[in-house]
Amino acid sequence: MKFSILGSGAVGGYYGAKLARAGHDVTFIARGAHLAAIRARGLEIRSPLLGDFTVTARAEEDTTRVGAVDVVIVAVKAYDNASALPLIVPMAGPQTTILPLQNGVDSARELAARFGEAPVLGGVTYIATALAEPGVIEQTGTHRRIVFGEVFGELPRMTARVEAIRDALSGADIVAEAVEDGRVPIWEKFIFLVTLAGMTGASRLPIGPLWAEPVIRERFLDGCREIERLARAEGVPVAADVVDRIAAYVAGIPGSMRSSLLIDLAQGKRIEVEQLQGSVVRRAARLGVPVPITATLYAVLKPWADGAPQSV
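Now for a description of the structure that goes with this document.

What counts and how
Residues numbered from 1 in each chain as written. Predicted model: local features only at pLDDT ≥ 70, side-chain atom pairs only at ≥ 80, totals over all residues. Heavy atoms only, no water. Phe/Tyr/Trp six-rings, centres within 6.5 Å; stacked < 30°, edge-to-face > 60°. Buried < 20%, exposed > 50% of the residue type's maximum accessible area, 1.4 Å probe, protein only. Helix = DSSP H or I, 4+ residues; strand = E, 2+ residues; numbered from the N terminus. Lys NZ or Arg CZ within 6 Å of the ring centre and 35° of its normal. Contact = heavy atoms within 4.5 Å.

### Looking at the packing of aromatic side chains
Here is step 1 of the chain: Applying the stated rule across the entire model yields four aromatic pairs.
Here is step 2 of the chain: Here Tyr 14 and Tyr 15 contribute two aromatic rings whose centre-to-centre distance is 5.6 Å and whose plane-to-plane angle is 75°, an arrangement assigned as edge-to-face. You'll find Tyr 14 and Tyr 15 in the same group, each marked buried.
Here is step 3 of the chain: Judged by centre distance (5.6 Å) and plane angle (90°), the ring pair of Phe 192 and Tyr 249 falls under edge-to-face. With Phe 192 in helix α6 (residues 183-203) and Tyr 249 in helix α9 (residues 242-252), this residue pair connects regions lying 57 residues apart in the sequence.
Here is step 4 of the chain: We note Arg 21 situated over the ring of Phe 53; from NZ or CZ to the ring centre the distance is 4.3 Å.
Here is step 5 of the chain: Positioned over the ring face of Trp 304 is Arg 204, at 4.8 Å from the centre of the ring.

In structure tokens form, the structure reads like this:
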């Protein structure tokens with residue numbers, strides 16, 4: 001299959017490299033030093049547990065040079081969508097599928113507003129990677145899972161294109177799970193991520209010290225429950241035990257685990273507060289669902305949306 005990776009950093013670059021290594025036609029959309037490094041030396045993946053490798057593949061900044069592809073994987077930060085999504089236009093032919101792998105629950109709708117619902121799928125990924133330097137991605141552990149499916153039209157349903165993309169991903173040593181309702185995994189991750197990012201970001205602490213305190217632990221789960229109620233109000237059939245599964249998961253992860261929002265916050269970068277906590281608050285206001293914990297986390301983090309405030 002012919003893939004384009006919009007956002008060839010830690011996540012998109014890793015999956016694109018896997019696909020290229022498996023023989024697919026992959027174009028990395030990148031810029032600056034990262035683009036120059038991929039063109040000069042290829043894209044290097046350092047993975048102590050799965051093995052290192054380097055791929056040589058096409059890399060472009062100007063998407064008009066790419067042409068129509070079978071699948072566009074969107075892996076830019078969601079706050080960059082306004083400037084990034086127009087780059088898809090030259091790569092979107094009549095049969096192109098667009099698969100966003102972004103945090104939050106708004107990406108599919110944002111894509112549909114520009115391209116229509118028909119080409120758009122929805123998905124989430126579970127992976128621990130970082131851009132170590134231009135042209136080099138480091139993977140921690142072995143997680144490389146993508147869960148995706150249709151998100152518009154009559155659901156649940158499985159389609160041939162979802163199965164074909166799953167097979168392509170699986171054949172590239174990516175743990176790919178095709179589902180009949182792509183909204184469900186997106187919202188189930190959202191329930192967890194909004195609360196994790198909000199609490200670790202607001203406290204400036206990794207998960208361990210927070211989870212060790214019974215009062216904080218219960219507020220964490222209360223935050224998850226209020227977003228679960230929002231998901232159901234949105235008509236998304238998340239699992240009945242979704243919060244119990246989140247609790248079991250958090251209890252088993254290393255206490256040093258920091259959300260990507262906390263990492264970005266500590267580095268003075270933009271944070272996805274509008275795409276996470278802000279999205280919850282806006283959707284909840286529209287549907288009349290109380291979300292006091294998330295609303296408080298949003299208020300605390302909002303001043304840092306574009307990086308450290310000027311007065312800090």
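### Overview of the side chain of Thr 129
Here is step 1 of the chain: With respect to the secondary-structure elements, Thr 129 resides in strand β8 (residues 121-133).
Here is step 2 of the chain: You can call Thr 129 buried: its relative accessible area is 18%.
Here is step 3 of the chain: If we ignore the near neighbours within four places in the chain, the residues touching Thr 129 are Ala 10, Val 11, Tyr 14, Ile 137, Glu 138 and Gln 139.

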